[in-house]
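Structural overview for review
What follows is the residue order along each chain.
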Amino acid sequence: MHEVSLVRTIFRTLEEQFPPEERAKLKAVQLKIGPLANVEPILLQNAFNAVMEEEAQGYGDLQLRVNMIPILIQCQACDQQSEVENYRFVCKNCGEPSGNVVQGNELLIELVEMEE
Ligand SMILES: [Zn+2]
């Protein structure tokens with residue numbers, strides 16, 4: 001399952017960035033995900049729970065948060081950016097079709113929260 005390997009990658013990143021004493025204080029890891037990244041938030045949460053059970057030692061009460069961001073296109077005809085709804089890649093300003101995606105592929109750790 002794609003989401004499980006993704007979650008494992010997140011944990012590897014946390015291990016690289018935080019020594020064990022800091023990992024124990026992590027409260028939340030927030031991901032920024034665009035719809036074009038092909039990640040299902042519910043599956044991701046399930047995968048996170050499963051991996052947390054395996055790797056619970058060393059982590060406190062770590063939560064996963066997902067910040068889903070919209071797809072944005074930049075129109076070549078009128079140069080306006082607009083939000084893509086229901087995968088209709090059409091400029092909202094002038095109605096021209098556009099595949100010029102400027103946001104929506106994201107899949108990254110946006111922030112990590114730690115106890116004081
Ligand atoms: Zn346009």
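Residues numbered from 1 in each chain as written. Predicted model: local features only at pLDDT ≥ 70, side-chain atom pairs only at ≥ 80, totals over all residues. Heavy atoms only, no water.

**Here's the deal with the sheet that holds strand β2 (residues 63-68)**
With mixed pairing, the three strands of this open sheet are ordered in space as β2-β1-β6. The open sheet terminates on both sides in strands that have one partner only, identified here as β2 and β6 (107-114). Each strand axis lies, on average, 25° off the axis of its neighbour in the sheet, ignoring direction. Here strand β1 (residues 26-33) runs beside β6; their pairing, made up of seven bridges, is antiparallel. Bridge pairing in β6 links I33 to L107. Taken strand by strand, helix α1 (residues 2-17) contacts β1 and β6, and its axis lies near 50° from that of β6. (Pairing = 2+ DSSP bridges. Helix = DSSP H or I, 4+ residues; strand = E, 2+ residues; numbered from the N terminus. Axes fitted to C-alpha atoms, helices over the stretch in contact; angles between N-to-C directions. Contact = heavy atoms within 4.5 Å.)

**Quick word on the coordination of the zinc ion**
At the metal site, the zinc ion is ligated by C75 (SG), C78 (SG), C91 (SG) and C94 (SG), and these contacts range over 2.3 Å. One can describe the site at the zinc ion as tetrahedral: its four donor atoms subtend angles covering 104 to 115° at the metal. Binding-site remark: the zinc ion is held by donors from one chain whose sequence spacing is C-x2-C-x12-C-x2-C. Of this pair, C75 sits in the loop between β3 (71-74) and β4 (81-84) while C94 sits in the loop between β4 and β5 (101-103); the two residues are 19 residues apart in sequence, bridging distant segments of the chain. You can call C75 buried: its relative accessible area is 2%. The partly exposed category is assigned to C94, whose relative accessible area is 39%. (Donors = N, O, S within 2.8 Å, 3.2 Å for Na, K, Ca; no water. Tetrahedral: all angles 85-135°; square planar, octahedral: opposite > 155°, others 65-115°. Buried < 20%, exposed > 50% of the residue type's maximum accessible area, 1.4 Å probe, protein only.)

In short, geometric facts, not functional conclusions.
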